[in-house]
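# Descriptive structure summary
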Amino acid sequence: MGRTLAEKVWEQHVVRRAEGEPDLLFIDLHLIHEVTSPQAFDGLRMADRKVRRPDLTIATEDHNVPTVLGPISDPVSRTQVETLRKNAAEFGVRLHPMGDAGQGVVHIIGPQFGLTQPGMTIVCGDSHTSTHGAFGAIAFGIGTSEVEHVLATQTLPAYRPKTMAIEVKGALPYGVTAKDLILAIIAKIGTGGGQGHIVEYRGEAIRNLSMEGRMTVCNMSIEAGARAGLIAPDETTFAYLKGRPHAPTGADWDQALAYWQTLRTDDDAVFDKVVEIDAATLTPFVTWGTNPGQGAPLGSAVPAPEEFADPTERAAAERALEYMGLTAGTPLSEVAVDTVFVGSCTNGRLEDLRAAADILRGRTVKTRTLIVPGSMLVKLEAEKEGLHEVFKAAGAEWREAGCSMCLGMNPDTLAPGERSASTSNRNFEGRQGKGGRTHLVSPQVAAATAVTGKLTAPADLANQ
Amino acid sequence: MEAFTTHTGTAVPLRRSNVDTDQIIPAVWLKQVSRTGFEKGLFAAWREDPSFVLNNPVYQGASILLAGPDFGTGSSREHAVWALQQYGFRVVIAARFGDIFRNNSTKMGLLPVVLEAKTVEELQAAVEADPSVRITVDLVERQVRLGEGAWAFDIDDYTRWRLIEGLDDIGLTLRHADDITAYENGRQPWLPTTV
């Protein structure tokens, strides 16, 4: 019987397999940031251990950093960043600190450097590591104990997850994006739908996505409960990689390419679970609740808890509407927001910024609008194209690279009761600041919402 | 890691589904560089509400959390496990767990026990009726017991063994350092390095 892509990549990385034990899996790339690493480095020091493969490890500063120029004013955040600097220096790990041209959100810089390649295993102490699956890698988030384990051994003991196919049939209609697609997928299968599985996204609509769009889809695999999501590499992947600083060159490129071309699910392979989605029926999608599965088409209304047959879901919906300050039956397009955020590892890449700029060009924002490039390189590229001028002319704020308003660890936060339209990945209670209310949206919807002050699809902006 | 064989204690019913790790320990608490002091941040936002179940004095001293389905979804922050442990929990029982949270728990010796949703609700109801009832979670027998009732739970042999022995994963892996070196020697030369 044939094998799935995930099975092929997994098998390639098994260092040791023994009956009744998890596989010992080799890790090709370990990404580090300031939040989940300090206790891991402490553990190494206490046991007098070294980083086994500093040459397969890279660090950046992203979660805590302010997105305006200047030092970190919060002393606790500053200590955490300084701790990473000390650890990177002591253990010989390459670090891109604030202000460095290579600095950025950890899941933006890996692909940007060409360090993320097909068929690799990639981990990071961050659940959105699934982003790198867009290249046909097995990439997943780990906790601090596992960070220490990878630092010390460059391996992880793990059982191979089951496999799940999400087949996206047909083509996405004009104006419907990768973000709308993944939000619709999560609403369909639920926040636990992918638990215990590696998801492979397949089908025409996936093939037609750019690398940026594929990263957006894979990024949010974890919001459907799947630790990892991946997409088979193809010409789009190879074209993205070619010429990047860490991509192979010359004869190495030819060898790598020949291998990468074998990285696809065999026709006779069987997935443990298959879900089908019809892309052609999708429209811009937003969340109304406090988990990423609580989403609906922007053209619909806030649902009533009674619409949910399952009592647990009904109770969750009731609680979510209360927290979000929403009334069932209100058209989502009438929900007014205070802040718009475009950025994060989900939607902080150049393509996302271009999409937002296309909508904001010649228009004016009605809300506080933060545009935060995912990395310093994204910032540089956007400025070369003049996107920053478009944003500033529209009245939006153009910031430095970082995680920003995705997670409430740096100065970019919502005030209690404040409502955002956000291109990030989580609408959990208090995620963007205590008491803040988050609606997850695509960059296009975020930009259109900034113009009207209410959740708005770009198509409805035509006359504004 | 603290070894875990069997544990008997009182429990707290947390009747909410999809309790993500941002709720268990809000991000502002993640700025610490130490491994201690996280109990103060456990469910920090919810604990400001006097009616939140952890604020009910009848559940003081409970060491077993009876949670709703999909507990520990979201962020990979192991701080969520540290906060629960440092607050005094040894076990979390739920119908489903977020994969990363579950994994982090077993690395630290906090036992995640999966029981059917119906069973978790029965246990929650029993504890609500009498908060002093003591539940036993027996990892050796893979069984949860309350009064006359007993429910079996699944956990793989290897993880169970590690927890019972309280073994450090890194130490176990380093026994196979030669296998790692052999694997490294066979890797493709074109694979990227960060240098």
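Not measured: the values here are computed from a predicted model. (Residues numbered from 1 in each chain as written. Chains lettered and ligands numbered in written order. Predicted model: local features only at pLDDT ≥ 70, side-chain atom pairs only at ≥ 80, totals over all residues.)

### Points about the overall build of chain A
- The helix and strand tally for chain A stands at 16 helices and 19 strands.
- Along the three orthogonal principal directions, the C-alpha set of chain A runs to about 60 × 55 × 45 Å.
- For chain A, with 464 residues in total, the buried portion stands at 61%.
- Taking all contacts inside chain A whose residues are at least 6 apart in sequence as the whole, residues at least 24 apart take part in 76%. (Helix = DSSP H or I, 4+ residues; strand = E, 2+ residues; numbered from the N terminus. Buried ≥ 20, exposed ≤ 12 C-beta atoms within 10 Å, placed from the backbone. Contact = placed C-beta atoms within 7 Å.)

### Notes on the sheet that holds strand 6 (residues 135-138) of chain B
Residues and elements named next belong to chain B.
- One open sheet holds the four strands; their spatial order is 1-6-7-8, and the pairing between them is antiparallel. Of all strands in the sheet, those bounded by a partner on one side alone are strand 1 (6-9) and strand 8 (149-152). This sheet shows a mean twist of 15° between the axes of neighbouring strands, independent of strand direction.
- Two strands pair when backbone bridges link them, and strand 1 and strand 6 are joined in this way by four bridges, in the antiparallel orientation. Bridged to Thr 8 within strand 6 is Thr 136. (Pairing = 2+ DSSP bridges. Axes fitted to C-alpha atoms, helices over the stretch in contact; angles between N-to-C directions.)

### Here's the deal with the pairing of strand 18 (residues 419-422) of chain A
Residues and elements named next belong to chain A.
- Residue alternation in strand 18 divides its side chains into two sets, Arg 419 and Ala 421 and Ser 420 and Ser 422, and both sets are buried.
- Examined bridge by bridge, strand 15 (residues 339-342) and strand 18 share three bridges and lie parallel to one another. What sits directly across from Phe 341, in strand 18, is Ser 422.
- Note that strand 18 and strand 19 (residues 437-440) share four bridges and pair parallel. By the bridge assignment, Ala 421 is partnered in strand 19 with His 439.

### What about the domain arrangement of chain A?
All names here are of chain A.
- Split into domains, chain A comes out as domain 1 (5-260) and domain 2 (285-458).
- Computed over C-alpha atoms, the centres of domain 1 and domain 2 are 24 Å apart.
- The interface is formed by 38 residues belonging to domain 1 together with 37 residues belonging to domain 2.
- Counting only elements with at least two residues in the side of domain 1 that touches domain 2, the list comes to helix 4 (106-113), helix 6 (178-189) and helix 8 (211-219).
- No other element matches the six residues that helix 6 contributes to the side of domain 1 that touches domain 2. (Domains from an automatic or database assignment.)

### Brief notes about the interface of chain A and chain B
- Every contact between the two is made by 65 residues of chain A and, on the other side, 46 residues of chain B.
- The leading source of residues in the side of chain A that touches chain B is helix 5 (residues 144-153) of chain A, at seven residues.

### A short note on the packing of helix 13 (residues 350-360) of chain A against helix 15 (residues 387-394) of chain A
Residue and element names in this part refer to chain A.
- Two numbers describe how helix 13 lies on helix 15: the axes approach to 9 Å, and their chain directions differ by 45°. The orientation of helix 13 with respect to helix 15, classified from their angle, is oblique. The interaxial crossing formed by helix 13 with helix 15 has left-handed handedness. For the pair helix 13 and helix 15, the contacting residues are Leu 353, Arg 354, Ala 357 and Leu 360 in the first and Leu 387, Val 390, Phe 391 and Ala 394 in the second.
- Among the residues making up the contact of helix 13 with helix 15, the classes are represented as seven nonpolar, no polar and one charged. (Parallel < 35°, antiparallel > 145°, perpendicular 65-115°, else oblique. Left-handed = near helix turned anticlockwise from the far one by under 90°. Nonpolar A, V, L, I, M, F, W, Y, C, P; charged D, E, K, R; others polar.)

### Let's talk about the environment of Thr83(A)
- For Thr83(A), the position within the fold is in helix 3 (residues 75-91).
- Taking the C-beta count within 10 Å as the criterion, Thr83(A) has 17 such neighbours and is therefore assigned partly exposed.
- For the pair Thr83(A) and Ser442(A), spaced 359 residues apart in the sequence, the C-alpha separation amounts to 35 Å.
- In this structure Thr83(A) touches Pro38(A) and Val33(B), once residues within four positions along its chain are discounted.

### Some thoughts on the sheet that holds strand 18 of chain A
All names here are of chain A.
- In space, the five strands of this open sheet follow the order 17-16-15-18-19, with parallel pairing throughout. The sheet is open, and its two edges are formed by strand 17 (397-398) and strand 19, each paired on a single side.
- The sheet contact formed by strand 15 and strand 16 (residues 368-371) spans four bridges and is parallel. Bridging from a neighbouring strand, Val 340 pairs with Thr 369 of strand 16.
- Here helix 16 (residues 443-452) sits on the sheet and contacts strand 15, strand 16 and strand 18; the angle it forms with strand 15, its principal contact strand, is near 150°.

### Looking at the packing of helix 6 of chain A against helix 8 of chain A
Residue and element names in this part refer to chain A.
- For the pair helix 6 and helix 8, interaxial distance at closest approach is 9 Å and the crossing angle is 20°. In terms of axis orientation, helix 6 runs roughly parallel to helix 8. Between helix 6 and helix 8 lies a crossing of right-handed hand. In this structure, helix 6 contributes Ala 178, Lys 179, Leu 181 and Ile 182 to the contact, and helix 8 contributes Gly 213, Thr 216 and Val 217.
- For the contact of helix 6 with helix 8, the per-class residue count stands at four nonpolar, two polar and one charged.

### With respect to the nonpolar core
- Grouped together as the largest cluster of nonpolar side chains are 193 residues, with contacts concentrated most on Leu181(A), Leu360(A), Leu66(B) and Ile93(B).
- Looking at which element gives the most residues to this core, the answer is helix 6 of chain A, with nine residues.
- Two domains each put at least three residues into this core: domain 1 (5-260) and domain 2 (285-458) of chain A.
- Apart from the residues lying within four places of it in its own chain, the contact partners of Leu181(A) are Val168(A), Leu172(A), Ala205(A), Val217(A), Ala279(A) and Leu282(A). (Core = buried A, V, L, I, M, F, W, Y, C linked by C-beta atoms within 7 Å.)

### Describing helix 2 (residues 38-46) of chain A
All names here are of chain A.
- Buried within helix 2 we find Pro 38, Gln 39, Ala 40, Phe 41 and Gly 43.
- On its buried face, helix 2 sits against helix 3 and helix 5.
- Trailing helix 2 by a residue or two, Asp 48 shows a phi angle of about 55°, which is positive.

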